[in-house]
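Observations on the model geometry
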Amino acid sequence: MNIILLGPPGAGKGTQSQRLVTKFGMRQLSTGDMLRAAVKAQTPVGIQAKAVMDAGELVSDEIVSALISAELAAMGDETGAIFDGYPRTAEQAHSLDDILKEHGRTLDHVIELEVNEDALVERITGRYTCANCGKGYHDTFEQPKQLGVCDKCGSTEFKRRPDDNEETVRTRMAEYRAKTAPILPVYEARGIVSRVDGMADIDEVTLAISKILS
Ligand code: AP5
Ligand code: MG
Ligand code: ZN
């Protein structure tokens, strides 16, 4: 099973991906996470991408499609893929078709997380993750059971993303509206789009997605 989780910044793509990985043994392929790892490691891609990401704009199609292609090549054929934050442009959607074909995979579902834009700034500015294992949290909506200690790995170190400020979020939303939302009709024409209410509780969203997948 190969699926795309589509939605604006803060819609819950990463949060739901982490849950689907645990529940269905799928693999999360997040171009945002790959790029942040490249920035941290100061690879040539990371050095090039950093300023673009900090501004909330889109990194080049070639760079992100190459990252996805390399990850899929390194993955076992039997493991399902969750595309999180990719594709984001018509060009990337086209590349994904080619990449999937190359690996003998088909796209089963495109799940759109429908959210109210007004809620997204609060979600994003309250977000943080475990610095050790990457588990996501939120100041209001998803705190660790014991405050300051990661549920998953016990670490006490957490971090916030440099692009998670209101100004950058507004640019990221505008990029989504202008370049990403327009790719939906292509998938709709194939009859593989499902919509989920992304404003529901995190657990309810997971349940709704699980129903679509099973
Ligand atoms: P990326 O990392 O993909 O960021 P994004 O699309 O802006 O999405 P986010 O990660 O902010 O949101 P999310 O939907 O994952 O939300 P989350 O689950 O964390 O991309 C970052 C940058 O990299 C881009 O701006 C671009 O520069 C570059 N890039 C990446 N991919 C690219 C590509 N393909 N092409 C070009 N450039 C690319 O949830 C947010 C918070 O809300 C969390 O704290 C969570 O706990 C909380 N929350 C989640 N769901 C709920 C809920 N139902 N109720 C209450 N709270 C919730
Ligand atoms: Mg994310
Ligand atoms: Zn952790």
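Check the entry above for the structure.
Below is a summary of the structure that appears in this document. On a predicted model such as this, the values are computed, not experimentally measured, just so you know.

What counts as what
- Residues numbered from 1 in each chain as written.
- Chains lettered and ligands numbered in written order.
- Predicted model: local features only at pLDDT ≥ 70, side-chain atom pairs only at ≥ 80, totals over all residues.
- Heavy atoms only, no water.
- Helix = DSSP H or I, 4+ residues; strand = E, 2+ residues; numbered from the N terminus.
- Rg over C-alpha atoms; globule rule 2.2 N^0.38 Å.
- Buried < 20%, exposed > 50% of the residue type's maximum accessible area, 1.4 Å probe, protein only.
- Contact = heavy atoms within 4.5 Å.
- Near = heavy atom within 4 Å.
- Polar contact = N/O pair within 3.5 Å; in protein donor to acceptor, adjacent residues only side chain to side chain.
- Areas by Shrake-Rupley, 256 points an atom, 1.4 Å probe, with all protein chains shown as cover.
- Nonpolar A, V, L, I, M, F, W, Y, C, P; charged D, E, K, R; others polar.
- Donors = N, O, S within 2.8 Å, 3.2 Å for Na, K, Ca; no water.
- Arc of directions from axis to C-beta.
- Salt bridge = Lys/Arg side-chain N within 4 Å of Asp/Glu carboxyl O.
- Phe/Tyr/Trp six-rings, centres within 6.5 Å; stacked < 30°, edge-to-face > 60°.

A few points about the overall build of the protein
Secondary structure assignment for the protein yields 9 helices and 8 strands. For the protein, the C-alpha radius of gyration of 16 Å lies close to 17 Å, the compact-globule estimate for 214 residues. Taking all 214 residues of the protein together, 44% fall into the buried category. Considering only contacts in the protein between residues 6 or more positions apart, those separated by 24 or more positions represent 69%.

Remarks on the site of ligand 1
Residues in close proximity to ligand 1 total 34 residues, the closest being Thr15, Glu57, Arg88, Arg127 and Arg172. Within the side chain of arginine 172, one N or O atom sits 2.6 Å away from an oxygen atom of ligand 1. When ligand 1 is considered free in solution it has 1,000 Å² of accessible area, and contact with the protein chains removes 95% of it. For the shell around ligand 1, the element with the most residues is helix H2 (residues 31-41), which contributes 4 residues. Across the shell around ligand 1, the residue classes break down as 13 nonpolar, 10 polar and 11 charged.

Section: the coordination of the zinc ion (ligand 3)
In ideal tetrahedral geometry, four donors around a metal make angles of 109.5 degrees, whereas ideal octahedral geometry with six donors gives angles of 90 or 180 degrees. Of the protein atoms, only Cys130 (SG), Cys133 (SG), Cys150 (SG) and Cys153 (SG) coordinate the zinc ion (ligand 3), at distances of 2.3 Å. Mapped onto the sequence, the donors of the zinc ion (ligand 3) take the spacing C-x2-C-x16-C-x2-C. Of this pair, cysteine 133 sits in the loop between strand E5 (127-130) and strand E6 (136-138) while cysteine 150 sits in the loop between E6 and strand E7 (158-159), placing them 17 residues apart in sequence. On the basis of relative accessibility, which here comes to 29%, the residue cysteine 133 falls in the partly exposed class.

Observations regarding helix H3 (residues 44-55)
Burial in H3 covers these residues: Gly46, Ala49 and Met53. Projection of H3 onto a plane perpendicular to its axis shows the buried side chains occupying an angular sector of 75°, all on one side. Turned more than 90 degrees away from the buried face of H3 sit Pro44, Ile47, Gln48 and Ala51, all of them exposed. For H3, the secondary structure elements touched by its buried residues are H2 and helix H7 (166-180). Downstream of H3 by a residue or two, glycine 56 has a phi angle that is positive, lying close to 85°.

Examining the pattern of salt bridges
Under the counting rule described, the total for this entry stands at 20 salt bridges. With a shortest N-O distance of 2.9 Å, arginine 160 and aspartate 139 are connected by a salt bridge. In this pair, arginine 160 sits in the loop between E7 and H7 while aspartate 139 sits in the loop between E6 and E7, placing the two residues 21 residues apart along the sequence. Under the relative-accessibility criterion, arginine 160 is labelled partly exposed at 47%. With a shortest N-O distance of 2.9 Å, lysine 179 and glutamate 175 are connected by a salt bridge. With a gap of 4 residues between them, lysine 179 and glutamate 175 both fall in helix H7, about one helical turn apart. When salt bridges with common partners are traced through the structure, they connect Arg127, Arg161, Asp163, Asp164 and Arg172 into a single cluster.

A look at the packing of aromatic side chains
Within this structure, the stated rule accounts for 3 aromatic pairs. On the basis of an interplanar angle of 85° and a centroid distance of 5.4 Å, the ring pair of tyrosine 128 and phenylalanine 158 is categorised as edge-to-face. With tyrosine 128 in strand E5 and phenylalanine 158 in strand E7, this pair connects stretches of sequence that are 30 residues apart. We classify phenylalanine 158 as partly exposed; its relative accessible area is 26%. Here the aromatic rings of tyrosine 137 and phenylalanine 158 are separated by 5.9 Å at their centres, their planes lie at 75°, and the arrangement is edge-to-face. Here tyrosine 137 is found in strand E6, whereas its partner phenylalanine 158 is found in strand E7, with 21 residues between them in sequence. Given the relative accessible area of 3%, tyrosine 137 is considered buried.

None of this, on its own, says anything about what the molecule does.
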